[in-house]
Protein chains: 2
Amino acid sequence: MPLTRDQVIETAFEILRDYGLADLSMRRLARDLGVQPGALYWHVKNKQELLGVLSVMIMAPSDSGPTGSDPGSDALTESGAIAALRLQSRTIRRALLGVRDGAEVVALTHALDPESLSVLRRLAVGFEAAGLRGHKAGWAAKALVHYILGSVTEEQTRSGLIQAGVLAAPAEMSDAEDAFDFGLELLLAGAATTTNAPR
Amino acid sequence: MPLTRDQVIETAFEILRDYGLADLSMRRLARDLGVQPGALYWHVKNKQELLGVLSVMIMAPSDSGPTGSDPGSDALTESGAIAALRLQSRTIRRALLGVRDGAEVVALTHALDPESLSVLRRLAVGFEAAGLRGHKAGWAAKALVHYILGSVTEEQTRSGLIQAGVLAAPAEMSDAEDAFDFGLELLLAGAATTTNAPR
DNA sequence: ACCTGAACACCGTTCAAGT
DNA sequence: ACCTGAACACCGTTCAAGT
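A closer look at the protein's contact with DNA strand C
(1) Moving on: Within the structure, DNA strand C sits among 16 residues, and Leu3(A), His43(A), Arg27(B), Tyr41(B) and Lys47(B) are positioned closest to it.
(2) Moving on: For DNA strand C, the fraction of atoms within 4 Å of the protein that belong to sugar or phosphate moieties is 60%.
(3) Moving on: Here a phosphate oxygen of DNA strand C and a side-chain polar atom of Ser25(B) are 2.8 Å apart.
(4) Moving on: Listed by contribution, the elements that provide at least two residues to the surface near DNA strand C are α3 (40-43) of chain A together with α2 (26-33) of chain B.
(5) Moving on: For the surface near DNA strand C, a count of residues per class yields seven nonpolar, six polar and three charged.

Encoded structure:
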């Protein structure tokens, strides 16, 4: 039977998960599927589109949870909204960490088309619930996304280099999470004060 | 006369400035220098090292200004330290914007070796002056660097796509600076409150 | 509709051999 | 010391031609 788009995507995801972004070439993908490289372009526009699909898959585990219009939670209060943003941010980090080079793939997709991923919109809604009006909610969401993608990309690059034997293992392991949480608090505390001083 | 390392670096910088990172290949660089590709490897270890040198050059315009131990300024007070950090951050952004794909080049270098650029250390010193103790100053500096590199990378990617005709020009131009400043204030306000509430 | 074969226009890096 | 020639092992994408 013929190759399907889903097979292409699934195999691409497996290469990414097991070997990383550097090994995810169209030619390697074709080889793993037992097909000529050109065949892929029947199922997929180009590599960028493929990475876009993978980005959505990587982020999928963070797509559940509260949206902006979620009644029955304390997200109606501003401090509740901040708490929700903290939770969402950690969930996104976990989703990115779940796939090798996940943050880099999502960052690539996000750079070429910031609107394509739904994260931004959801976080912006969260910041509106936290009391940020006008452009400010969107700006805050962008800042948070840059922070998350930058942090996790560095974290994954680091562990990739260690696994490759290029870097030695760090003395103090896993303060990465503490560092992430601290930077997150900085951003959220800043948003909270910006809300409380609306002059 | 023989090729010098400085010529290699200078020509690489010109390609980057005039044509962008995508055009800066070792082969293109060799062609512009009138030399075979292999010749470059006598002067430079590999492409990564070359990008590291370019990163330092890109950041150079932001290397002046106040350091941590700068007497005779009001940086001795915590709010003065915050003001200094705000100024430094804007200066770094301007330096990155000064070279095509500057933020991406620096981000690449930073990802593979976060210690190599001196920015991080300087910003960490700034956060210490602002009252953050222990790991916190370093964490705050990392957060700020991720934010700056992420913001400016997106800004430059965007203008690159527009120039290439892939994207239409934005309706509201240059709210990029407002967006940057807002995110910056978030981070700095967060740092200020974290300082004032040392419980 | 779906794929092959083959090409086009590239990459970064190495290294014996030349001068 | 410094460079050439040539190779190695790759890339992403296109497209006529086949089935």
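So, next bit.
Observations regarding the interface of chain A and chain B
(1) Moving on: Listed by partner, the interface residues are 32 residues for chain A and 32 residues for chain B.
(2) Moving on: Summed over both partners, the interface of chain A with chain B buries about 2,800 Å², with 70% contributed by carbon and sulfur atoms.
(3) Moving on: Of all residues in chain A, Trp139(A), Phe182(A) and Leu186(A) bury the most surface against chain B, accounting for 24% of the area lost on that side.
(4) Moving on: Where chain A touches chain B, the interface holds two salt bridges.
(5) Moving on: One salt bridge connects Glu154(B) with Lys142(A), and the closest N-O pair in it is separated by 3.5 Å.
(6) Moving on: Counting the contacts that link chain A with chain B gives six residue pairs in polar contact (both at pLDDT 80 or more).
(7) Moving on: Those elements that provide at least two residues to the side of chain A that touches chain B are α6 (102-112), α8 (135-163) and α9 (176-196) of chain A.

Notes on the protein's contact with DNA strand D
(1) Moving on: Taken together, 16 residues lie around DNA strand D, and Met26(A), Arg27(A), Tyr41(A), Leu3(B) and His43(B) are the ones closest in.
(2) Moving on: Here DNA strand D approaches the protein such that, of its atoms within 4 Å, sugar and phosphate make up 60%.
(3) Moving on: Here a phosphate oxygen of DNA strand D and a backbone polar atom of Met26(A) are 2.8 Å apart.
(4) Moving on: Within the side chain of Trp42(B), an N or O atom sits 3.2 Å from a phosphate oxygen of DNA strand D.

Observations concerning helix α5 (residues 78-97) of chain B
All names here are of chain B.
(1) Moving on: With 20 residues, α5 should cover 28 Å at 1.5 Å per step; its first-to-last C-alpha distance of 29 Å lies within 8% of that length.
(2) Moving on: Along α5, the residues classified as buried are Gly80, Ala81, Ile82, Ala84, Leu85, Gln88, Ser89, Ile92, Arg93, Ala95 and Leu96.
(3) Moving on: Sitting at the head of α5, threonine 77 places a side-chain oxygen 3.0 Å from the backbone nitrogen of glycine 80.

Observations concerning the packing of aromatic side chains
Residue and element names in this part refer to chain A.
(1) Moving on: In total, this model carries four aromatic pairs over all chains according to the counting rule given.
(2) Moving on: A ring pair is formed by tyrosine 147 and phenylalanine 180, whose centres lie 5.6 Å apart and whose planes are at 20°; its orientation type is stacked. Here tyrosine 147 is found in helix α8, whereas its partner phenylalanine 180 is found in helix α9, with 33 residues between them in sequence. Just as tyrosine 147 is buried, phenylalanine 180 falls in that class too.
(3) Moving on: Taking the ring centre of phenylalanine 180 as reference, the NZ or CZ of arginine 93 above it sits at 5.2 Å.

A word on the domain arrangement of chain A
Residue and element names in this part refer to chain A.
(1) Moving on: Domain assignment breaks chain A into domain 1 (5-44) and domain 2 (59-196).
(2) Moving on: Using only C-alpha atoms to locate each centre, domain 1 and domain 2 end up separated by 29 Å.
(3) Moving on: If you look at the interface, domain 1 gives eight residues, while domain 2 gives six residues.
(4) Moving on: With both chains or domains summed, domain 1 and domain 2 bury close to 540 Å², and 69% of this area falls on carbon and sulfur atoms.
(5) Moving on: Three residues, Leu16, Arg17 and Leu21, lead the burial of domain 1 against domain 2; their summed loss comes to 69% of the area buried on that side.
(6) Moving on: For the pair domain 1 and domain 2, the interface holds zero salt bridges.

Each value, and the rule that gives it
Residues numbered from 1 in each chain as written. Chains lettered and ligands numbered in written order. Predicted model: local features only at pLDDT ≥ 70, side-chain atom pairs only at ≥ 80, totals over all residues. Heavy atoms only, no water. Near = heavy atom within 4 Å. Polar contact = N/O pair within 3.5 Å; in protein donor to acceptor, adjacent residues only side chain to side chain. Helix = DSSP H or I, 4+ residues; strand = E, 2+ residues; numbered from the N terminus. Nonpolar A, V, L, I, M, F, W, Y, C, P; charged D, E, K, R; others polar. Contact = heavy atoms within 4.5 Å. Buried area = accessible area lost by both parts, 1.4 Å probe. Salt bridge = Lys/Arg side-chain N within 4 Å of Asp/Glu carboxyl O. Expected span 1.5 Å × (residues − 1). Buried < 20%, exposed > 50% of the residue type's maximum accessible area, 1.4 Å probe, protein only. Phe/Tyr/Trp six-rings, centres within 6.5 Å; stacked < 30°, edge-to-face > 60°. Lys NZ or Arg CZ within 6 Å of the ring centre and 35° of its normal. Domains from an automatic or database assignment.

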